[in-house]
Amino acid sequence: MDRTMELDDLKQAWQTLDRRLEQHNALNLHLFKENRLAKAKAGLRPLAFGQGMQLAVGVLMTAVFAPFWIRHFGTLHLMVYGLSLHLYALMFIVFAARDLFMLGRIDHDAPVLEIQRRLATLRAWRIRSGLWFAITGCFIWTPLMLVVFYWLGADVWVNTPSVVYWFIASSFACLGLSYALVRLSRRPGRDSLARYLNDSSTGRSLSRAQAMLDEIAQFERV
């Protein structure tokens, strides 16, 4: 009888210990998850701030270059300069607004898998938008320089059109180098270069936030 009672007591003690261990593990997981989620949320603030700045720059550029091409509507080359820069400014605004919208849709109280999905969607979008900025960036400096020269009193297209041709040739050379770099990053053994280009497009804060969520998912699987 005593031996049976001792076994029952031992079994009950083990069950109590198991429950406490489960509670302890659940508490550790909760604390770890809360810590990493807080860091992930804080880590996205620089991206949100950067997109807010991009939006402001786009609005400022629109205020400068929209009147420029409208004012020179009858002069084709000046209108092309201003219209190109105006469209580039609109790209700044639209892309920044979409980034901020996607950031705003991330619910940090949602399940980790859902947050990961949202961040993956945002990352894919930023890689595509980064490609567009890289392409347009190879060309947009040409009308910008020509407008600056015009403001300084030199209409380069009228006075020395060969300079404009050199600018355009340089733009295509820049595009070719960018394409070669992307192709090189996709070759075997160039993972670090590919990762660098992707991080440059998406922003390091987004990569760090994804890393925090990956740690949570890994911890939950253990």
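Right above here is the structure, for reference.
Residues numbered from 1 in each chain as written. Predicted model: local features only at pLDDT ≥ 70, side-chain atom pairs only at ≥ 80, totals over all residues. Heavy atoms only, no water.

With that settled, consider the packing of aromatic side chains. Enumeration over the complete set of coordinates arrives at twelve aromatic pairs. Judged by centre distance (6.0 Å) and plane angle (85 degrees), the rings of Phe68 and Tyr150 are edge-to-face. With Phe68 in helix 2 (residues 45-71) and Tyr150 in helix 4 (residues 112-151), the pair connects residues that are 82 residues apart, well separated along the chain. A residue is classified by how much of its surface remains accessible, and Phe68, at 0% relative accessible area, is buried. Classification of Tyr150 by relative accessible area gives partly exposed; the value is 27%. The interplanar angle of 45 degrees and the centroid separation of 6.5 Å between the aromatic rings of Trp69 and Phe73 together place this pair among those described as tilted. The class of Trp69 is buried, set by a relative accessible area of 18%. Given a relative accessible area of 56%, Phe73 falls into the exposed group. Three or more aromatic residues joined by ring pairs form one cluster here, namely Tyr88, Phe92, Phe95, Trp125 and Phe133. Over the aromatic face of Trp125 sits the side chain of Arg98, whose NZ or CZ is 4.7 Å from the ring centroid. (Phe/Tyr/Trp six-rings, centres within 6.5 Å; stacked < 30°, edge-to-face > 60°. Helix = DSSP H or I, 4+ residues; strand = E, 2+ residues; numbered from the N terminus. Buried < 20%, exposed > 50% of the residue type's maximum accessible area, 1.4 Å probe, protein only. Lys NZ or Arg CZ within 6 Å of the ring centre and 35° of its normal.)

Core analysis: the largest hydrophobic core is formed by 31 residues, its most contacted members being Leu44, Leu119 and Leu122. The set of elements that each furnish at least two residues to this core consists of helix 1 (2-43), helix 2, helix 3 (76-104), helix 4, helix 6 (161-185) and helix 8 (204-221). Broken down by element, this core gets its largest block of residues, ten residues, from helix 3. Setting aside anything within four residues of it in sequence, one finds Leu44 in contact with Leu103, Ile106, His108, Leu119, Ser205, Leu206 and Ala209. (Core = buried A, V, L, I, M, F, W, Y, C linked by side-chain atoms within 4.5 Å. Contact = heavy atoms within 4.5 Å.)

Between helix 2 and helix 4, whose axes approach to 14 Å, the crossing angle comes to 35 degrees. Helix 4 is crossed by helix 2, and the crossing has left-handed handedness. Every residue of helix 4 that contacts helix 2 at Leu47, Gln51, Gln54, Val64, Phe65 and Phe68 is listed here: Leu122, Arg126, Phe133, Leu144, Val147, Tyr150 and Trp151. Considered class by class, the residues forming the contact of helix 2 with helix 4 number ten nonpolar, two polar and one charged. (Axes fitted to C-alpha atoms, helices over the stretch in contact; angles between N-to-C directions. Left-handed = near helix turned anticlockwise from the far one by under 90°. Nonpolar A, V, L, I, M, F, W, Y, C, P; charged D, E, K, R; others polar.)

Glancing now at the pattern of salt bridges. As enumerated under the stated definition, the model contains three salt bridges in all. Taking the shortest distance from any N to any O, the salt bridge between Arg126 and Asp99 comes out at 2.6 Å. With Arg126 in helix 4 and Asp99 in helix 3, this pair connects stretches of sequence that are 27 residues apart. A relative accessible area of 10% means that Arg126 is categorised as buried. A salt bridge links Glu114 to Arg118; the shortest N-O distance between them is 3.0 Å. Of this pair, Glu114 and Arg118 both sit in helix 4, separated by four residues, roughly a single helical turn. Owing to a relative accessible area of 25%, Glu114 belongs among the partly exposed residues under this scheme. (Salt bridge = Lys/Arg side-chain N within 4 Å of Asp/Glu carboxyl O.)

Before going further, it helps to spend a moment on a positive patch on the surface. Taken together, the side chains of Arg183, Arg186, Arg187 and Arg190 present a region of like positive charge at the surface. Mapped onto the elements of the fold, Arg187 is located in the loop between helix 6 and helix 7 (191-202). Overall, the relative accessible area of 54% leaves Arg187 in the exposed class. (Patch = residues over 30% accessible without salt bridge, like charges linked within 9 Å, V, L, I, M, F, W, Y side chains within 5 Å. Areas by Shrake-Rupley, 256 points an atom, 1.4 Å probe, with all protein chains shown as cover. Lys, Arg positive; Asp, Glu negative; His and termini not counted. Charge placed at Lys NZ, Arg CZ, Asp CG, Glu CD.)

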